[in-house]
Amino acid sequence: MRSRRSPDHLIGPKYMLIIERSAYSPQALLSSHISSVSSVLSEIDLEVVQRVVQILREARDKRATVYIAGNGGSASTASHWANDLGKATKRSGRLPFRVMSLSDNTSWFSALGNDEGYDQVFAGQLENFANPGDVLICISASGNSPNLVRAVEVASRRNMTTVALLGFDGGELRSLVDEPVLIQTPKGMYELVEDAHSIIAHAITRCLVSDYPEAGE
């Protein structure tokens with residue numbers, strides 16, 4: 001397994017100098033951001049990502065349901081990925097994915113938040129649907145969102161498999177889920193984490209699109 005480097009290499013004096021100067025230079029800011037995204041991507045543990053691909057392949061073949069959840073920008077990533085898993089992967093010729101973004105049903109989401117509290121907006125939906133063998137994917141930069149923690153608790157009680165795309169130090173979710181995919185950065189670097197999460201989701205989708213049936217299947 002790849003050894004984990006400290007995220008400090010992303011915010012050394014040279015990096016901080018580029019950020020400070022980039023306030024007056026869009027070119028420097030763009031170059032710095034693209035370089036930083038490339039740096040954090042090079043640190044991803046690809047063995048973990050490959051295991052997530054396998055988890056999703058098995059869920060697809062067993063007709064299990066994949067639920068994806070996130071807040072804010074991560075809610076957008078969850079919705080986008082649900083679309084890609086549901087539609088794009090049909091090009092493989094395999095069974096279609098049963099997939100749902102738990103951030104998308106505005107009326108139910110807001111009813112749960114208003115009546116039961118915001119920490120129940122995902123868990124409350126899983127209580128209606130989740131079955132053993134289903135998969136929950138949480139997307140979170142901090143890994144500490146209470147509503148995602150509650151969702152993982154429900155998923156664990158229902159014998160679901162849990163995955164998380166995380167940032168910073170992984171937060172509470174890192175030790176709660178079965179497969180944490182960590183984008184290790186200094187705390188607060190949301191843009192880097194969210195960009196990397198989107199790239200991971202697209203890469204996993206590409207793997208599943210290319211998972212063509214073998215002869216005789």
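Analysis parameters
Residues numbered from 1 in each chain as written. Predicted model: local features only at pLDDT ≥ 70, side-chain atom pairs only at ≥ 80, totals over all residues. Heavy atoms only, no water. Phe/Tyr/Trp six-rings, centres within 6.5 Å; stacked < 30°, edge-to-face > 60°. Helix = DSSP H or I, 4+ residues; strand = E, 2+ residues; numbered from the N terminus. Buried < 20%, exposed > 50% of the residue type's maximum accessible area, 1.4 Å probe, protein only. Contact = heavy atoms within 4.5 Å. Axes fitted to C-alpha atoms, helices over the stretch in contact; angles between N-to-C directions. Parallel < 35°, antiparallel > 145°, perpendicular 65-115°, else oblique. Left-handed = near helix turned anticlockwise from the far one by under 90°. Nonpolar A, V, L, I, M, F, W, Y, C, P; charged D, E, K, R; others polar. Salt bridge = Lys/Arg side-chain N within 4 Å of Asp/Glu carboxyl O. Core = buried A, V, L, I, M, F, W, Y, C linked by side-chain atoms within 4.5 Å. Pairing = 2+ DSSP bridges.

Looking now at the packing of aromatic side chains. The final tally for this structure, using the stated rule, is 4 aromatic pairs. Seen from their ring centres, Trp108 and Phe129 are 5.7 Å apart, and the 70° between their planes marks the pair as edge-to-face. Here the residue Trp108 occupies a position in helix α5 (residues 106–116), and Phe129 occupies one in helix α6 (residues 123–129), the gap between them amounting to 21 residues. A residue is classified by how much of its surface remains accessible, and Phe129, at 35% relative accessible area, is partly exposed. Where Phe109 meets Phe122, the ring centres are 5.7 Å apart and the plane angle is 65°; that geometry is what we call edge-to-face. In this pair, Phe109 sits in helix α5 while Phe122 sits in the loop between α5 and α6, placing the two residues 13 residues apart along the sequence. Phe122 shares its class with Phe109; the two are buried. Taken together, the ring pairs connect Phe109, Tyr118 and Phe122 into an aromatic cluster.

Another point: the environment of Thr162. Mapping Thr162 onto the fold places it in strand β4 (residues 161–168). Once you skip the residues sitting within four places of it in the chain, Thr162 turns out to touch Leu136, Val152, Ala155, Leu176, Val177, Asp178 and Glu179.

It is worth spelling out the packing of helix α3 (residues 46–61) against helix α9 (residues 190–209) at this point. Packing of α3 against α9 brings their axes to within 10 Å, and their N-to-C directions diverge by 50°. Overall, the two elements α3 and α9 adopt an arrangement that is oblique. Read as a crossing pair, α3 and α9 show a hand that is right-handed. For the pair α3 and α9, the contacting residues are Val49, Val52, Val53, Leu56, Arg57 and Arg60 in the first and Ile204, Cys207 and Leu208 in the second. Residues that form the contact of α3 with α9 fall into these classes: 7 nonpolar, no polar and 2 charged.

What follows deals with the pattern of salt bridges. As enumerated under the stated definition, the model contains 7 salt bridges in all. The salt bridge partner of Asp211 is Arg57, with a shortest N-O separation of 2.8 Å. With a gap of 154 residues between them, Asp211 in the segment after α9 and Arg57 in helix α3 connect regions that are remote in the sequence. Owing to a relative accessible area of 12%, Asp211 belongs among the buried residues under this scheme. By relative accessible area, which is 24% here, Arg57 ends up partly exposed. Connected through shared salt-bridge partners, Arg57, Arg60, Asp61, Arg94 and Asp211 make up one network.

A word on the nonpolar core. By size, the foremost hydrophobic cluster in this structure holds 35 residues, and its most contacted members are Leu56, Val66, Ile68, Trp81, Ile137 and Ile204. Among the elements of the structure, α2 (26–41), α3, β1 (65–70), α4 (73–86), β3 (135–140), β4, β5 (179–184) and α9 are those that each provide at least two residues to this core. When near neighbours in sequence (up to four residues on either side) are disregarded, Leu56 contacts Val66, Trp81, Phe97, Ile137, Ile204 and Leu208. Counting residues in each nonpolar core, the second largest holds 24 residues, with Ala123, Leu148, Val154 and Val177 among its members.

On to the sheet that holds β1. The sheet built from 5 strands is open, its strands ordered β2-β1-β3-β4-β5 with parallel pairing. Strand pairing shows two members of the sheet lacking a second neighbour, β2 (98–101) and β5, which therefore form its edges. For this sheet, the mean angle separating the axes of adjacent strands, direction not counted, is 15°. Pairing of β3 with β4, which is carried by 6 bridges, proceeds in the parallel orientation. The partner of Ser140 across the bridge, within β4, is Leu166. Against the sheet, α3 contacts β1, β3, β4 and β5, and its axis sits at roughly 140° relative to β5. Where helix α7 (residues 146–157) meets the sheet, its contacts fall on β1, β3 and β4, and the angle it forms with β3 comes to roughly 165°.

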